[in-house]
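Inside the fold
Chain by chain, the residues:
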Amino acid sequence: MSQLQKLCVALITTLGWLIQESSLANINTTAPHITPEQYKKKSSSHLETPLLESKPTQSFSVESDLSNRSLSPSDLKILEDLLKKVAVAEKNKQSSIAPTPKEAEALWVMGLLYLHGIGVTPQLRRSQQLFELAWFGKERKAALGLAWCAIDGCGTVGNQQLSTFWLTEVAQLDQGRASYLEWWRLSKLAPISQSSASEPEKEPLSFNHHDLLNKAMKTGDTQAQIEFGIEAASRNDLKTALQYFQLAANRSLTAKRNAELIKEQMSLNSLMQTKTNKNSSQSELLLKRAIQFHRGDGVPSDYYQAIQLYKESAQLGNERARRILKLIFSKPGSDNTIDIAWMRQLSQTDILTGKSDGHPLIGPKLLLRDPTPISDYLPLNFQKYLNYP
């Protein structure tokens, strides 16, 4: 080899080393708190990316992966096709062959299905492995799954340093969801503040960092819309709650279900209000007549007739009549009949009025959140099988 050839080889080697160092430097700039030991080089994609420490991918068959949970025939067929694509991708991985775009998409969806236990037995570590393989097949949505596994742990302890890196990746795909996941992480980990503990009307998850939730909401994030809907419902602002849930309903069956619950409650409230208005005048006339017989105003006192009229008024929803009846029967006679002395005493007193708006609050406990902050990324045909905590 000539001196010139040796010089060229040395230059090429040095240039390759510099390019590699530059690549690592760029990654560490994105995630400055990630140590080099947390990176795993994947020859199939030539990327170096921080991953959670996971066990080697196990071998799964289509038959063993399917759970006994009932799916519709069409959904079962889709699931079987997804599993077949996953099996091919995992087999090719052994030969350092990267997943095809369709295989990467199947890996992402199957990761979600394993995470939520839809059609397959729930396996959190398995879902993480599929998210990783999907990511190296250049399925960018896999960053959502890896961010969630870094936050939640996916069967182990979460890694907050890695979650910071993956949230940066998520922000490039879905800025609103990145803000929501950051809000979720900080709200879950943060202690309850004194101010929020003294304000029970606020929704419990919104202790702190509400600016992040607002930021997610401004981008139209589905999970943020659900959260705002639950907050509005907790204040009994059903109209606003319905608006939030309807905004998210096209992408989340959970939001659609909540919207239906809110509409049912609003319809019930309207019906009760109509009934109250219709019966109000009649019940008041009956109550007025009952008091006349009770006190002997313009008519002879007739306690039995008064009680009968009180009952008719109460049946029409008159709260004051109910209170009077409650007072009357609070002191029955010795033989369990009307106590005449007590009736006479009541006739000489001012009976307190009561008010009932007839609108029961639909509390947040009746409404649902998605099982995970990425559940709405499931295809809609699989969302109907979600299990809620």
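Residues numbered from 1 in each chain as written. Predicted model: local features only at pLDDT ≥ 70, side-chain atom pairs only at ≥ 80, totals over all residues. Heavy atoms only, no water.

Quick look at the nonpolar core now. Nonpolar side chains in soluble globular proteins tend to be buried together. Residues Met110, Leu113, Ile118 and Trp166 are the most contacted members of the largest nonpolar core, which totals 55 residues. Every element with two or more residues in this core is listed here: helix H3 (73-93), helix H4 (101-116), helix H5 (124-136), helix H6 (142-152), helix H7 (160-173), helix H8 (175-189), helix H10 (210-218) and helix H11 (222-234). Apart from the residues lying within four places of it in its own chain, the contact partners of Leu113 are Leu79, Leu82, Ile118, Val120, Leu378 and Phe382. If you look at the next biggest cluster of nonpolar residues, it comprises 20 residues, including Phe293, Val299, Ile307 and Ala321. (Core = buried A, V, L, I, M, F, W, Y, C linked by side-chain atoms within 4.5 Å. Buried < 20%, exposed > 50% of the residue type's maximum accessible area, 1.4 Å probe, protein only. Helix = DSSP H or I, 4+ residues; strand = E, 2+ residues; numbered from the N terminus. Contact = heavy atoms within 4.5 Å.)

Quick look at the packing of aromatic side chains now. By the definition in use, this model includes seven aromatic pairs. Taking the centre distance of 6.2 Å and the plane angle of 75 degrees together, the rings of Trp108 and Tyr377 count as edge-to-face. With Trp108 in helix H4 and Tyr377 in the loop between helix H16 (340-347) and helix H17 (380-383), this pair connects stretches of sequence that are 269 residues apart. Clustering of aromatic rings is evident, with ring pairs tying together Trp108, Phe131 and Tyr377. (Phe/Tyr/Trp six-rings, centres within 6.5 Å; stacked < 30°, edge-to-face > 60°.)

Further remarks concern the state of the cysteines. Counted by the stated rule, this structure contains one disulfide. Disulfide pairing is shown between Cys149 and Cys154; the S-S distance is 2.1 Å. Between Cys149 and Cys154, the disulfide has an S-S torsion of -75 degrees and is therefore left-handed. (Disulfide = S-S within 2.5 Å.)

Moving on, we get to the side chain of Ser163. Mapped onto the secondary structure, Ser163 falls in helix H7. Ser163 sits in the buried class, given a relative accessible area of 0%. Beyond its immediate sequence surroundings of up to four residues, Ser163 is in contact with Ala147, Ala150, Ile151 and Arg185.

Summarising the model, the protein shows a mean pLDDT of 76, and 69% of its residues fall at 70 or more. Taken element by element, the predicted model of the protein shows its lowest mean pLDDT in strand S1 (residues 39-42) (38) and its highest in H4 (97). Here residues 9-48 is a poorly scored stretch, pLDDT under 50, and it has 44 contacts once near neighbours within four places are set aside; other chains count. Across residues 52-63, where pLDDT falls below 50, the model places 30 contacts with residues more than four positions away in sequence or in other chains. (pLDDT = per-residue confidence, 0-100.)

So, on to the pattern of salt bridges. Applying the stated criterion across every chain yields a total of 10 salt bridges. Between Glu139 and Lys141 there is a salt bridge whose closest N-O contact spans 3.2 Å. The buried category is assigned to Glu139, whose relative accessible area is 11%. Here Arg185 and Glu182 are joined by a salt bridge, their closest N and O atoms 2.8 Å apart. Residue Arg185 and its partner Glu182 are both found in helix H8; the two are separated by three residues, about one turn of the helix. Accessibility classification places Arg185 together with Glu182 in one group, the buried group. (Salt bridge = Lys/Arg side-chain N within 4 Å of Asp/Glu carboxyl O.)

Moving on to H4. Taking 1.5 Å of rise per residue, 16 residues should cover 22 Å, and H4 covers 23 Å from first to last C-alpha, within 8% of that figure. A large share of H4 lies buried, amounting to 13 of its 16 residues. Backbone geometry just after H4 places Gly117 at a positive phi near 65 degrees. (Expected span 1.5 Å × (residues − 1).)

Right, let's get into the packing of H3 against H5. How two helices sit against one another is set out by the angle between their axes and by the gap between those axes. Axis separation between H3 and H5 bottoms out at 12 Å; the angle between their running directions is 70 degrees. By the angle between their directions, the pair H3 and H5 is classed as roughly perpendicular. The two elements H3 and H5 meet at a crossing, and its hand is left-handed. Here H3 contributes Val86, Ala89, Glu90 and Lys93 to the contact with H5, which in turn contributes Arg126, Leu130 and Leu133. Its residues assigned to classes, the contact of H3 with H5 comprises four nonpolar, no polar and three charged. (Axes fitted to C-alpha atoms, helices over the stretch in contact; angles between N-to-C directions. Parallel < 35°, antiparallel > 145°, perpendicular 65-115°, else oblique. Left-handed = near helix turned anticlockwise from the far one by under 90°. Nonpolar A, V, L, I, M, F, W, Y, C, P; charged D, E, K, R; others polar.)

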